[in-house]
Amino acid sequence: MNSIKNNQKSLILTLILPVVLVLAGCSSKVLDEGKAQRLVDKFTSSHSGTAKIAGGVVQNEGASIAEAKLDFTNFADSQYGSYSGPGVASFSKYNDDTWALTRVTISPPDNFMSTRWYDTGIKE
């Protein structure tokens with residue numbers, strides 16, 4: 001009876017526990033769309049209008065960077081006025097596996113000369 005219980009414990013420790021630990025550790029290393037949107041929302045909170053992630057987050061394997069396409073609606077700041085259209089959010093991962101929104105770029109498709117960017121440094 002004791003050997004069966006020991007075998008069960010051994011099975012749990014050798015098969016199940018490593019999977020749980022890997023899954024728990026990976027959650028902070030990957031920038032999911034929800035976390036990215038929350039960082040973008042922190043950025044837009046000081047401006048009027050919204051910016052929504054359009055198409056998910058692309059994370060560079062092995063690197064500590066990620067990007068997401070944005071769709072702005074009535075985004076406004078005091079210098080540039082109102083804007084609705086595409087943009088890009090750039091993210092960086094720190095050594096402690098936390099993420100930061102490092103830059104937001106707005107590039108109007110009909111006027112690339114009006115491209116503007118905001119260096120943010122907004123951390124999760």
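Residues numbered from 1 in each chain as written. Predicted model: local features only at pLDDT ≥ 70, side-chain atom pairs only at ≥ 80, totals over all residues. Heavy atoms only, no water.

What follows is about the nonpolar core. Formed by 21 residues in total, the largest nonpolar core has its most connected members in Val 40, Phe 43, Leu 70, Phe 72, Phe 91, Leu 101 and Val 104. Secondary-structure elements contributing two or more residues to this core are α2 (33-44), β1 (48-59), β2 (65-77), β3 (81-93), β4 (99-106) and β5 (116-123). Ranked by residues supplied to this core, first place goes to β2 with 5 residues. (Core = buried A, V, L, I, M, F, W, Y, C linked by side-chain atoms within 4.5 Å. Buried < 20%, exposed > 50% of the residue type's maximum accessible area, 1.4 Å probe, protein only. Helix = DSSP H or I, 4+ residues; strand = E, 2+ residues; numbered from the N terminus.)

What follows covers the packing of aromatic side chains. All chains considered together, the criterion is met by 5 aromatic pairs. Here Phe 72 and Phe 75 contribute two aromatic rings whose centre-to-centre distance is 5.0 Å and whose plane-to-plane angle is 55°, an arrangement assigned as tilted. Looking at Phe 72, the relative accessible area reads 1%, which means it is buried. Aromatic ring contacts, followed pair by pair, group Phe 43, Phe 72, Phe 75, Tyr 83 and Tyr 118 into a single cluster. If you follow Arg 116 out to its NZ or CZ, it ends over the ring of Tyr 83, 5.5 Å from the centre. A cation sits over an aromatic face here: Lys 123 above Tyr 94, 4.9 Å from the ring centre. (Phe/Tyr/Trp six-rings, centres within 6.5 Å; stacked < 30°, edge-to-face > 60°. Lys NZ or Arg CZ within 6 Å of the ring centre and 35° of its normal.)

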